[in-house]
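Topology and contacts: notes
The lines below spell out each chain.
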Amino acid sequence: MILYLTKETFERYHLKTPQEMQNELPKKIAENILEKESGDSLQEWGGKLFYFDRRKCLQLIHFSSLLTIVLVDFKVSDLPNLGDVVAHYLFKIYEDDVQMKRALEYYYAVHPALAFSYLKNRKISSKLNFKQRTMLEDGYLLEDYIWDGILHTVELNQYLCDSEVVVERVDGEKKYYSSKEFFATKMKEQFL
């Protein structure tokens, strides 16, 4: 899995590209991931930092399906667990879909590591900015998911995945999906 992040996000999380890494083993792993998975939109995610109540939040968007996941109060110390956190939310979003859970298990068995690079894809960059301004209301949407003093991030992410519409052209005909449906379709096609 490759996570392409904005320059600001890279700086705030003190991340390094493989070329900047000193330790040889993580450097080789990251280079290998970037070489093998770059260009495969099923393996690529874009990410952008935003703030809610002065806390760092990370908005992630899947390249091909536009599936969006928001990680709230995501600190620098949480970075080593980023792949696990994304997997946690994906399994929660698809908890009622047995086939999708199997596809996710296979996906993570085949692609267990995560590499970072700078976001250069303008379409994804503009989608991240647009979603932050509109769907996330610059973070104010998160207030709607606070009940009894607890921010319910699973429900927030389920809402985000259900509300994005993706259009696919098949034989000149348009088909409409939610990003959740589209991601599941693509994952099942490749990993089942």
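Before going into details, it helps to say that this report is about the structure given with it. What you see is a predicted model, and the numbers here were worked out from it, not measured in a lab.

**Overview of the packing of helix 4 (residues 98-110) against helix 7 (residues 179-191)**
For the pair helix 4 and helix 7, interaxial distance at closest approach is 9 Å and the crossing angle is 60°. If you check the angle between helix 4 and helix 7, you find them oblique. Our pair here, helix 4 against helix 7, has a crossing hand that is left-handed. Taken together, the residues of helix 7 that come into contact with helix 4 (itself represented by Q99, M100, A103, L104, Y106 and Y107) are F183, A184, M187, K188 and F191. Within the contact of helix 4 with helix 7, the residues separate by chemical class into 9 nonpolar, 1 polar and 1 charged.

**Focus: a nonpolar patch on the surface**
Where nonpolar side chains cluster on the molecular surface, the patch consists of V165, V167 and Y176 and spans about 310 Å² of accessible area. Within the secondary structure, V165 is located in strand 8 (residues 165-170).

**Focus on the pattern of salt bridges**
The tally for this structure, following the rule as stated, stands at 9 salt bridges. Here R12 and E8 are joined by a salt bridge, their closest N and O atoms 3.7 Å apart. Placement of both R12 and E8 in helix 1 (residues 7-12) is noted, with a separation of 4 residues, approximately one turn of the helix. Overall, the relative accessible area of 37% leaves E8 in the partly exposed class. Close ionic contact of E164 with K127 constitutes a salt bridge, the shortest N to O distance being 3.6 Å. Placement of the pair is E164 in the loop between helix 6 (153-163) and strand 8 and K127 in helix 5 (residues 122-133), with a sequence separation of 37 residues. Take E164: its relative accessible area is 10%, and that puts it in the buried class. Residue K127 is classed as partly exposed on the basis of its relative accessible area, which comes to 22%.

**Focus: the sheet that holds strand 5 (residues 115-118)**
Spatial ordering of the open sheet is given by 4-3-2-1-5, a layout of 5 strands whose pairing is mixed. Only two strands of the sheet have a single neighbouring strand rather than two, namely strand 4 (68-72) and strand 5. The mean inter-strand angle of the sheet, taken between neighbouring strand axes irrespective of direction, is 30°. Sheet topology note: the strand 1 (residues 2-5)/strand 2 (residues 44-52) ladder contains 4 bridges and is parallel.

**Comments concerning the nonpolar core**
Within the largest apolar cluster, 34 residues are counted, with the highest numbers of intra-cluster contacts made by W45, I69, L82, L90, Y94, F183 and M187. A total of 6 residues in this core trace back to one element, the largest contributor, which is helix 3 (residues 82-93). Sequence-distant contacts of Y94, that is, excluding residues within four places in its chain, are made with L67, M100, K101, L104, S179, K180, F183 and A184. Formed by 15 residues, the second largest nonpolar core is a distinct cluster that contains I2, A30, L128 and V166.

**Remarks on helix 5**
Under the 1.5 Å per step criterion, the end-to-end length of helix 5 is 16 Å for 12 residues, consistent within 8% with the ideal 16 Å. Restricting attention to buried positions, one finds in helix 5 the residues I124, L128, K131 and Q132. Here the buried residues of helix 5 occupy an arc of 100° about the axis, which is enough to place them on one side. Among the exposed residues of helix 5, those pointing more than 90 degrees away from its buried face are R122 and K123. Contacts made by the buried residues of helix 5 are with strand 2, strand 3 (55-62) and strand 4. Where helix 5 starts, the residue carrying a side-chain oxygen 3.0 Å from the main-chain nitrogen of K123 turns out to be N121.

Cut-off values and rules
Residues numbered from 1 in each chain as written. Predicted model: local features only at pLDDT ≥ 70, side-chain atom pairs only at ≥ 80, totals over all residues. Heavy atoms only, no water. Axes fitted to C-alpha atoms, helices over the stretch in contact; angles between N-to-C directions. Helix = DSSP H or I, 4+ residues; strand = E, 2+ residues; numbered from the N terminus. Parallel < 35°, antiparallel > 145°, perpendicular 65-115°, else oblique. Left-handed = near helix turned anticlockwise from the far one by under 90°. Contact = heavy atoms within 4.5 Å. Nonpolar A, V, L, I, M, F, W, Y, C, P; charged D, E, K, R; others polar. Patch = residues over 30% accessible without salt bridge, like charges linked within 9 Å, V, L, I, M, F, W, Y side chains within 5 Å. Areas by Shrake-Rupley, 256 points an atom, 1.4 Å probe, with all protein chains shown as cover. Salt bridge = Lys/Arg side-chain N within 4 Å of Asp/Glu carboxyl O. Buried < 20%, exposed > 50% of the residue type's maximum accessible area, 1.4 Å probe, protein only. Pairing = 2+ DSSP bridges. Core = buried A, V, L, I, M, F, W, Y, C linked by side-chain atoms within 4.5 Å. Expected span 1.5 Å × (residues − 1). Arc of directions from axis to C-beta. Polar contact = N/O pair within 3.5 Å; in protein donor to acceptor, adjacent residues only side chain to side chain.

In short, shape yes, function no, at least from these values alone.
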